[in-house]
Each structure stands twice: as structure tokens, then as C-alpha cells.
Amino acid sequence: MRRSLLLSALLLMPFHYLAASPYESLGFALREQTILQDLRAHCHVSTTVSDQALTKHFTDNKETHDEIIAAADALKAGNQQLYHKKISDVSCPSGLASK
């Protein structure tokens, strides 16, 4: 009986993990889009600059990488005040087109 109960529990665990995965991925994508939109507004970056170029610039730049990670952590934690402070602390790029 114990063995069948343990086996049942082990079989159900992966399905629970897989069920949560799409929601986690969606949450990540929504947070990423929010951060990109807020960075565009904060730094006055043109919409003609692709999201990929904007992401690459901020994540490849050692000066802004840690600030972006801190902002993302605050957003994930639901701390809007800290999130907006971290976004406003991000140094704006000079190499991307302005509005």
C-alpha cells in the first residue's frame, strides 16, 4: 500500500510542475514586456528600436545589467514602488535612437 501511494505521488509530481510552467512563462513574458515599455518611456527610446535591440543593449551593458535585474526582482515581488525607483535609476543609453 505504501509503495503504491509513493509511486502515485511520484507520478503526479511532474504533471503538477508542467501545469505551472505555462503560467510561469506567461508571467515572465508579461514582466519582460512591462520592463521594456517602462525603459522606453524612461529613456525616450523610439519604437523603431526593436525589443531585441533594447534588451540586448541593457543586458549586455554591465552598468545597467544589475539595475535591470533588481527592477525585475521588484516587479516579480509585486513591489511597484521599488520597481519604479529601480527603473528610474537605470542609466539611459546614448547609442539608441530617441523619439
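What you are looking at is a predicted structure, and each value in this text was computed from that prediction instead of being measured.

Draft legend 1. Region of the structure containing the packing of helix H2 (residues 51-60) against helix H3 (residues 62-77). H3 packs onto H2 with a crossing angle of 100 degrees between their chain directions and a minimal axis gap of 5 Å. Here H2 is positioned roughly perpendicular relative to H3, judged by the angle of their axes. Touching His 57, Phe 58, Thr 59 and Asp 60 of H2 are Lys 62, Thr 64, His 65 and Ile 68, all from H3. In the contact of H2 with H3, the residues fall into two nonpolar, four polar and two charged.

Draft legend 2. Representation of the nonpolar core. Ranked by internal contacts, the top residues of the largest apolar core, which has 15 residues, are Ile 35, Leu 39, Phe 58, Tyr 83 and Ile 87. Where this core is concerned, the elements lending two or more residues are helix H1 (2-43), H2, H3 and helix H4 (80-89).

Draft legend 3. Looking closely at the side chain of Arg 40. Take Arg 40: it is sitting in helix H1. We classify Arg 40 as buried; its relative accessible area is 11%. Among the polar contacts listed, one links the side chain of Arg 40 to the backbone oxygen of Ser 46, at a separation of 2.7 Å.

Basis of the calculations
Every chain's residues receive numbers from 1 upward, in the order its sequence appears when written. Given that this is a predicted model, residues contribute local features only at a pLDDT of at least 70 and side-chain atom pairs are listed and counted only at 80 or more, while totals for whole chains, interfaces and linings are drawn from all residues. The side-chain numbers reported here are obtained from all heavy atoms of the structure, hydrogens and water having been left aside. Angles here are taken between N-to-C directions and fall from 0 to 180 degrees, while the axes themselves are lines fitted to C-alpha atoms, restricted in helices to the stretch in contact. A run of H or I in DSSP counts as a helix once it spans at least four residues, and a run of E counts as a strand once it spans at least two, with each numbered from the N terminus. Our angle categories are set so that under 35 degrees counts as roughly parallel, over 145 as roughly antiparallel, 65 to 115 as roughly perpendicular, and the remainder as oblique. Two residues qualify as a contact provided that any one of their heavy atoms is within 4.5 Å of a heavy atom in the partner residue. Throughout, the ten residues Ala, Val, Leu, Ile, Met, Phe, Trp, Tyr, Cys and Pro are labelled nonpolar, Asp, Glu, Lys and Arg are labelled charged, and all others, Gly among them, are labelled polar. Nonpolar cores were defined as sets of buried Ala, Val, Leu, Ile, Met, Phe, Trp, Tyr and Cys residues, with membership established by side-chain atoms within 4.5 Å. Burial classes follow relative accessibility: with a 1.4 Å probe on protein chains only, a residue under 20% of its type's maximum area counts as buried, one over 50% as exposed, and anything between as partly exposed. Pairs of N or O atoms within 3.5 Å make up the polar contacts considered here, provided that, within protein, one atom can donate a hydrogen while the other can accept it, and that residues adjacent in sequence are counted only when both atoms are side-chain atoms.

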